[in-house]
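Spelled out from the first residue to the last, the chains are:
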Amino acid sequence: TDAVNTDAVNTDAVNTDAVKDLNKEIEVTHGEDITKEDVAIEVVKEDETAVAKGKTQISDVHLKTKETVRGNEGCPVADAREMWRIMPAVLCATSWAIAYSQMGSTFISEACQMDLRVGGSSQLNGTVLNLADCLAIIICIPLFDRYLYPFIERVKGSPFTVLQKMACGFIVTCLAMISAAVIEIQRRQAPILEGQGDSNCSGYQMSDVSVFWMIIPFFLVGVGEVLIVVQLYHLCYIEVPAGMKSTAQALQLLTLGLGNAIAAGLSVAFQSFVTDDLNDGHLEYLYFTIAGIELITYFLFVYAVKDFRYKAESAGNAPSIDVSPASPPFEETKEHGHSSLERKHHDLPQQEQFDECKCTEPCDKKCKCQDDGCPVIGLRIEEA
């Protein structure tokens, strides 16, 4: 029999409204407890309907769900629940942003009252030390990925997870603030450079401590950025539903603004200690406070994510769905000048082949059989 209904070919190949409301239909049919199998069946049904109407390619629904068929994805409540899983990590990253903001303010103020001389009478500008943060990122990302992370995994005997890297980042950032505080104490106790002129970036006298010591806190903040921000980008892309990826990235970028706001509030609170001439104040008090915030955040973070399960881990033995458009369940053949659709068995392993559809009533197309309660054709489920 003809596998293509001529009247159907003359009409729309795919019911657009049905495609748009696919998720809603699935939710109505299966309720809140939607499984991967439910979604897969609906997707295959849509594709078979499109094929039956003359569209021999995988339908838009099939392509749309290639990466997003993951159980309850597409349901607003389920998406919000998935987003909530990463919120502790996003919120805790705010404390790193507080330390990061110091590189554009107090770190430079401290550096500008250190010995800036290079080659006699020439002076550096304290802002040059921001390069140490950039170098930390450029150097540490490849070194960590290639050597440090594999070494830690060999020692641990288990994977060095994204959240474990973030936890280490809070410790490194805490050390950055402690190092800045120690350097400030040493700078204030060092003698003033007499007869060398004032600093070219602060206007105050320089202390006899080399400005290059400030490379340490700048570099450590950069290492913290590698351990925290890079992993946060990963979490906000991999561990959230496809429809929420942009929202997750926006939220994690918002932490930078929130961290800057908190840092500004701390500057106001410590303004009696952070004076224009740092020799008259105690800048290290602010540094120690931020270091304490980082340490507290570390413990809060470890507690908040202790039960976190990654998507790959949560899948466990759950089935995954192969919706690759490269291998549609039907192929078109020509017989006696007419097109027909036949199911492809020859390219599937024996255990993945399905029984031929057997209908209680005669039908003119195999793809129509699923409407009569027969097994769905073309559904391939394999272990994750």
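The model shown is predicted, which means the values in this text are computed figures rather than measured ones.

K.L.:
Can you tell me about the overall build of the chain, naming the residues and giving the values?
P.N.:
Counting its secondary structure elements, the chain contains 13 helices and 6 strands. Among the 384 residues that make up the chain, the fraction classed as buried is 41%. Taking contacts inside the chain between residues at least 6 apart in sequence as the whole, the part at least 24 apart equals 76%. Of the accessible surface of the chain, which amounts to about 20,400 Å², a share of 57% is contributed by carbon and sulfur atoms.

K.L.:
Would you mind going over the pattern of salt bridges in detail, with residue names and values included?
P.N.:
Tallying each qualifying case throughout the model produces 6 salt bridges. A salt bridge links Asp115 to Arg117; the nearest nitrogen and oxygen atoms lie 3.0 Å apart. The exposure class of Asp115 is buried, given its relative accessible area of 12%. Note that Arg188 and Glu284 form a salt bridge whose closest N and O atoms lie 2.8 Å from each other.

K.L.:
Could you give me a rundown of the packing of aromatic side chains, with the residues and numbers involved?
P.N.:
As enumerated under the stated definition, the model contains 10 aromatic pairs in all. Among the aromatic residues, ring-to-ring pairing joins Phe107, Phe218 and Tyr287 into one connected group. For the cation-ring pair, Lys165 lies above Tyr149, with the distance from its terminal atom to the ring centre recorded as 4.0 Å. Sitting over the ring of Tyr303, Lys306 keeps its end group 5.3 Å from the ring centre.

K.L.:
Explain the state of the cysteines residue by residue, including any values.
P.N.:
Under the definition given, this model contains 1 disulfide. Cys112 shares a disulfide with Cys201; S-S distance 2.1 Å. A torsion of -125° about the S-S bond marks the disulfide between Cys112 and Cys201 as left-handed. Separated by 89 residues along the polypeptide, Cys112 in helix 7 (residues 106-112) and Cys201 in the loop between helix 9 (162-189) and helix 10 (215-238) bring together distant segments of the chain.

Conventions used here
- Residues numbered from 1 in each chain as written.
- Predicted model: local features only at pLDDT ≥ 70, side-chain atom pairs only at ≥ 80, totals over all residues.
- Heavy atoms only, no water.
- Helix = DSSP H or I, 4+ residues; strand = E, 2+ residues; numbered from the N terminus.
- Buried < 20%, exposed > 50% of the residue type's maximum accessible area, 1.4 Å probe, protein only.
- Contact = heavy atoms within 4.5 Å.
- Areas by Shrake-Rupley, 256 points an atom, 1.4 Å probe, with all protein chains shown as cover.
- Salt bridge = Lys/Arg side-chain N within 4 Å of Asp/Glu carboxyl O.
- Phe/Tyr/Trp six-rings, centres within 6.5 Å; stacked < 30°, edge-to-face > 60°.
- Lys NZ or Arg CZ within 6 Å of the ring centre and 35° of its normal.
- Disulfide = S-S within 2.5 Å.

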